[in-house]
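Coordinates in review
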Amino acid sequence: MQIKDINKDTYRSHLNVIIVMAIAVFAALGVGISSVLIHYLGGPEGDNFVWNLLGVSTGGLIAAACLKKLKHSAYFYEVAYVWDLKQELNQINRKLTHLKQAINSGNVDAMIIMLYNYHGSRQLWQLDDNVLNLQELELELIQLEDKIRQAGLKLDPSQYQRSLLDKF
C-alpha cells in the first residue's frame, strides 16, 4: 500500500456522514427486524430477549455488509484509504521491536518499513487531529533518516511492500 495525498476536509466530512448513516441504518434495521420477529415469533409473556438479540445482530450484519460493499465506491475513497492505512500500520506495529533491532543492525528492509511507518503515522495523525505525539514522531523520523544517510542509502516510503514484513 502506498501513501497517498488525502484532503483532510473531504475525509472528515465523508467520515462523519458515513458514521451517521451507518448508525442510522444499524438502528433502523435492528429495531425493525427485532419488532417483526417479536410480532410473529415472540411470546405473550414478554420474554423476547432472544428475538431482540437476533434482530439487532442481523441488523448489524446487514449494515456491515453494506459498508463493505460500498467501501470501493468513490465517496468512500478517503475513508477506505485511512482504514487500510491503519490496518497496514497495525501490521507494522506488531513487529516494532524486531524492526528497531534490525535497524540498529543496518537492515535496509527494516529501514524502509519504518520510514513508511513514520510517514504513514504522521499522515494519519494529522488527518485525525492527533498531534500530541507528532514532535516525538518527527524526531524519530529525523533519526531514522540520519541513519539512512550515514549508511549511504537513498530510501523512500514508496519502496514499502507488505511482503517486507514477512522477514521479521
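The following paragraphs examine the structure supplied in this document.

The rules behind these values
Residues numbered from 1 in each chain as written. Predicted model: local features only at pLDDT ≥ 70, side-chain atom pairs only at ≥ 80, totals over all residues. Heavy atoms only, no water. Helix = DSSP H or I, 4+ residues; strand = E, 2+ residues; numbered from the N terminus. Rg over C-alpha atoms; globule rule 2.2 N^0.38 Å. Contact = heavy atoms within 4.5 Å. Areas by Shrake-Rupley, 256 points an atom, 1.4 Å probe, with all protein chains shown as cover. Lys, Arg positive; Asp, Glu negative; His and termini not counted. Charge placed at Lys NZ, Arg CZ, Asp CG, Glu CD. Salt bridge = Lys/Arg side-chain N within 4 Å of Asp/Glu carboxyl O. Phe/Tyr/Trp six-rings, centres within 6.5 Å; stacked < 30°, edge-to-face > 60°. Buried < 20%, exposed > 50% of the residue type's maximum accessible area, 1.4 Å probe, protein only. Expected span 1.5 Å × (residues − 1). Arc of directions from axis to C-beta.

Per the secondary structure count, the protein includes six helices and zero strands. Tracing the protein from N to C terminus, the helices and strands come up as α-α-α-α-α-α. Here the C-alpha radius of gyration of the protein, 22 Å, is well above what a compact globule of 168 residues would show, namely 15 Å. Summarising its shape, the C-alpha atoms of the protein cover approximately 75 × 35 × 30 Å along the three principal directions. Looking at the protein alone, contacts between residues at least 24 apart form 74% of all its contacts between residues at least 6 apart. In the structure as shown, the protein presents an accessible area of about 10600 Å², 59% of it carried by carbon and sulfur atoms. One way to put it: in the protein the 16 positive side-chain charges average out to a point 5 Å from where the 17 negative ones average out.

Here the structure, examined in full by the defined rule, presents seven salt bridges. Among the ionic pairs, Lys167 bridges to Asp109, the shortest N-O distance being 2.4 Å. Note that Lys167 is positioned in the segment after α6 (134–150) and Asp109 in helix α5 (residues 108–127), a separation of 58 residues in sequence. Among the charged side chains, a network of salt bridges with common partners joins Arg12, Lys86 and Asp128.

Scanning all chains against the criterion turns up one aromatic pair. Ring geometry for Tyr116 and Tyr160: centres 4.1 Å apart, planes at 15°, overall stacked. Of this pair, Tyr116 sits in helix α5 while Tyr160 sits in the segment after α6, placing them 44 residues apart in sequence. Among the residues examined, Tyr160 registers a relative accessible area of 0% and is labelled buried.

It is worth spelling out α6 at this point. Here α6 spans 24 Å end to end across 17 residues, near enough to the 24 Å set by a 1.5 Å rise per residue. Listed in full, the buried residues belonging to α6 are Leu134, Leu137, Leu141, Leu144 and Ile148. The arc enclosing the buried residues of α6, seen along the axis, measures out at 85°, which places them on a common side. Exposed positions of α6 whose direction lies more than 90 degrees from the buried face are Gln135, Arg149 and Gln150. Where α6 is buried, its residues touch α4 (96–104) and α5. Just downstream of α6 lies Gly152, where phi reads positive at about 75°.

Looking now at the environment of Ile148. Counting through the fold element by element, Ile148 comes out in helix α6. Relative accessible area serves as the criterion here: at 6%, Ile148 is assigned to the buried category. Excluding residues within four positions of it along the chain, Ile148 makes contact with Met111, Leu115, Leu153 and Leu155.

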